[in-house]
Amino acid sequence: MTTTQSVDLDVQPTPLALLLLGRGADPRSERGVECPGDLPAPSDPDLVERARAAKEKLGEKVFVLGHHYQRDEVIQFADVTGDSFKLAKDAAARPAAEYIVFCGVHFMAESADILTTDDQKVVLPDLAAGCSMADMATAEQVAECWDVLAEAGITHRVVPVSYMNSSADIKAFTGKHGGTVCTSSNAERALRWAFEQGEQVLFLPDQHLGRNTAVRDLGMSLDDCVLYNPHKPNGGLTTRQLREAKMILWRGHCSVHGRFSLDSVRDVRERIPGVNVLVHPECKHEVVAAADHVGSTEYIIKALEAAPAGSKWAIGTELNLVQRLANRFAPEGKEIVFLDKTVCFCSTMNRIDLPHLVWTLESLAEGNEVNVIQVDKETADFAQLALERMLALP
């Protein structure tokens with residue numbers, strides 16, 4: 001009888017293999033990659049002419065919205081630019097436009113569909129253009145969270161406040177349970193309103209905006225805030241913690257703004273003496289606390305418009321916008337740099353590129369409706385209720 005002798009090859013699984021198998025972790029996964037600041041090269045010039053021709057053929061039938069974080073090759077075809085809520089309102093103000101082409105991400109197109117007329121169609125050039133933050137809170141997870149709060153006996157005093165960067169389902173949940181939507185510009189007003197209605201707030205889905213607003217603007221302490229993790233039983237919190245917290249923060253964040261670190265702030269101050277650090281409130285609390293100025297996208301733009309010539313600024317927000325502002329204000333002698341060396345542009349926002357926009361416009365010009373975003377009536381009605389509460393804020 002023959003025997004087979006086993007040979008020990010001493011094969012060790014690589015970190016990548018372990019990660020793919022779900023047995024490992026990458027502690028740098030939220031830190032971004034090396035990026036010197038150069039964006040992808042502009043698309044084929046022929047596409048520019050095709051986009052112009054298709055848009056001209058559509059005429060008043062189409063209204064193109066461009067979010068601030070879009071690349072320049074797309075922004076050049078936008079009829080208006082702005083943040084998500086401003087663009088949704090701009091769309092609602094153009095009832096004559098049959099097609100609203102939203103160069104942004106999915107939740108933004110949903111909001112535009114909710115606020116526009118039934119005769120208008122909102123189109124997203126690439127359906128894969130999502131938002132990692134919005135995806136961090138699903139309808140099922142939030143419903144389960146509400147059940148946890150009900151078991152703790154506190155739903156009667158909890159008011160949900162949902163950031164604009166959330167799905168239509170989450171906005172609908174908020175409207176159905178007496179809450180409101182907020183933007184990064186009016187989060188303080190939304191929270192003050194919520195605390196007039198109840199004793200506690202469930203803030204969805206961005207923990208950083210909720211924490212920064214509560215602590216910086218409302219004077220709460222970090223101990224007043226607890227973090228609800230939808231991937232843990234009971235949100236990873238005790239019943240006592242849920243009952244005693246003023247702010248129940250959902251464990252979500254922006255994949256771009258969440259990558260800025262305290263080291264980023266320290267490094268830029270060493271490199272550029274006298275620099276003003278201006279960051280978005282979606283950044284981590286320690287980054288916001290170390291910054292000179294904090295504000296929404298629109299706030300950032302206005303602050304740079306009002307800045308004196310010769311001033312120096314490090315901006316903690318999406319790279320496309322920072323580069324656009326740096327080019328815009330360079331003739332005025334304003335030095336504007338990106339806050340961090342290792343964070344690139346928003347990858348999901350940049351799925352809306354010129355080829356997708358050309359395909360969309362040409363399809364519409366030929367009478368083919370593509371990528372139409374439709375929110376069902378019940379969801380839209382409750383979501384609109386939450387949006388209307390925001391619009392009515394004092």
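All figures in this text were calculated on a predicted structure; none of them were measured in a lab.

**Examining unusual backbone geometry**
Piece 1. A cis amide bond links L204 with the next residue in sequence, P205, at an omega value of -20°.
Piece 2. For P205, the position within the fold is in the loop between β7 (200-204) and α9 (207-217).
Piece 3. Phi is positive for N371, which is not a glycine, with a value near 50°.
Piece 4. With respect to the element layout, N371 can be found in the loop between α15 (354-365) and β14 (372-373).
Piece 5. Judged by its relative accessible area of 19%, N371 falls in the buried class.

**With respect to the pattern of salt bridges**
Piece 1. Within the structure shown, the criterion is met by 17 salt bridges.
Piece 2. Here R266 ties to D263 by a salt bridge, and the two come within 3.7 Å at their closest N and O atoms. Of the two residues, R266 and D263 both sit in helix α11 (residues 262-271), three residues apart, roughly one turn of that helix.
Piece 3. Owing to a relative accessible area of 48%, R266 belongs among the partly exposed residues under this scheme.
Piece 4. Taking the relative accessible area as the measure of exposure, D263 reaches 52% and is therefore exposed.
Piece 5. Across the pair R328 and E305 runs a salt bridge, and its minimum N-O distance is 2.7 Å. Of this pair, R328 sits in helix α14 (residues 319-329) while E305 sits in helix α13 (residues 297-306), and the two are 23 residues apart along the sequence.
Piece 6. In this structure R328 comes out as partly exposed when scored by relative accessible area, which is 43%.
Piece 7. In this structure E305 comes out as partly exposed when scored by relative accessible area, which is 38%.

**A look at the sheet that holds strand β13 (residues 335-338)**
Piece 1. Spatial ordering of the open sheet is given by β11-β10-β12-β13, a layout of four strands whose pairing is parallel. Of all strands in the sheet, those bounded by a partner on one side alone are β11 (293-294) and β13.
Piece 2. Alignment of strand β10 (residues 276-279) against strand β12 (residues 312-316), held across four bridges, turns out to be parallel. Within the sheet, the bridge partner assigned to L278 lies in β12 and is I315.

**Comments concerning a negative patch on the surface**
Piece 1. Together, E140, D169, D376 and E378 make up a negatively charged patch on the protein surface.
Piece 2. Within the secondary structure layout, E140 lies in helix α6 (residues 139-151).

**Focus on the UniProt feature "binding site: iminosuccinate" (unreviewed entry) in the chain**
Piece 1. The feature "binding site: iminosuccinate" (unreviewed entry), as given by UniProt, occupies H67, S84, Y163, M164, N165, S184, H280, P281, E282 and T297 in the numbering adopted here.
Piece 2. Relative to the elements of secondary structure, H67 occurs in strand β1 (residues 62-67).
Piece 3. Mapped onto the elements of the fold, S184 is located in the loop between β6 (180-182) and α8 (187-197).
Piece 4. The class for S184 is buried, based on a relative accessible area of 17%.

**Some words on the nonpolar core**
Piece 1. Ranked by internal contacts, the top residues of the largest apolar core, which has 106 residues, are V101, F203, M247, V279 and L361.
Piece 2. Here V101 is in contact with V62, F63, V64, L65, V123, P125, L357, T360, L361 and L364, once residues within four sequence places are set aside.
Piece 3. Counting 20 residues, the second-largest nonpolar core is a separate cluster that includes W146, A152, V158 and I170.

**Here we look at the side chain of R211**
Piece 1. Examined against the element boundaries, R211 turns out to sit in helix α9.
Piece 2. If sequence neighbours within four positions are ignored, R211 has contacts with L222, L227, L249 and H285.

**A short note on the pairing of strand β9 (residues 247-250)**
Piece 1. By the alternation rule, side chains of β9 split into M247 and L249 and I248 and W250, which are all buried.
Piece 2. In the sheet, β7 pairs with β9 via three bridges, with the strands oriented parallel. Counted as the bridge partner of L202 is I248 from β9.
Piece 3. Bridging between strand β8 (residues 225-228) and β9 involves four bridges; their strand directions are parallel. Directly across from L227, in β9, lies its bridge partner L249.

What counts and how
Residues numbered from 1 in each chain as written. Predicted model: local features only at pLDDT ≥ 70, side-chain atom pairs only at ≥ 80, totals over all residues. Heavy atoms only, no water. Helix = DSSP H or I, 4+ residues; strand = E, 2+ residues; numbered from the N terminus. Buried < 20%, exposed > 50% of the residue type's maximum accessible area, 1.4 Å probe, protein only. Salt bridge = Lys/Arg side-chain N within 4 Å of Asp/Glu carboxyl O. Pairing = 2+ DSSP bridges. Patch = residues over 30% accessible without salt bridge, like charges linked within 9 Å, V, L, I, M, F, W, Y side chains within 5 Å. Areas by Shrake-Rupley, 256 points an atom, 1.4 Å probe, with all protein chains shown as cover. Lys, Arg positive; Asp, Glu negative; His and termini not counted. Charge placed at Lys NZ, Arg CZ, Asp CG, Glu CD. UniProt positions renumbered as here; feature names shortened; annotations may be inferred. Core = buried A, V, L, I, M, F, W, Y, C linked by side-chain atoms within 4.5 Å. Contact = heavy atoms within 4.5 Å.

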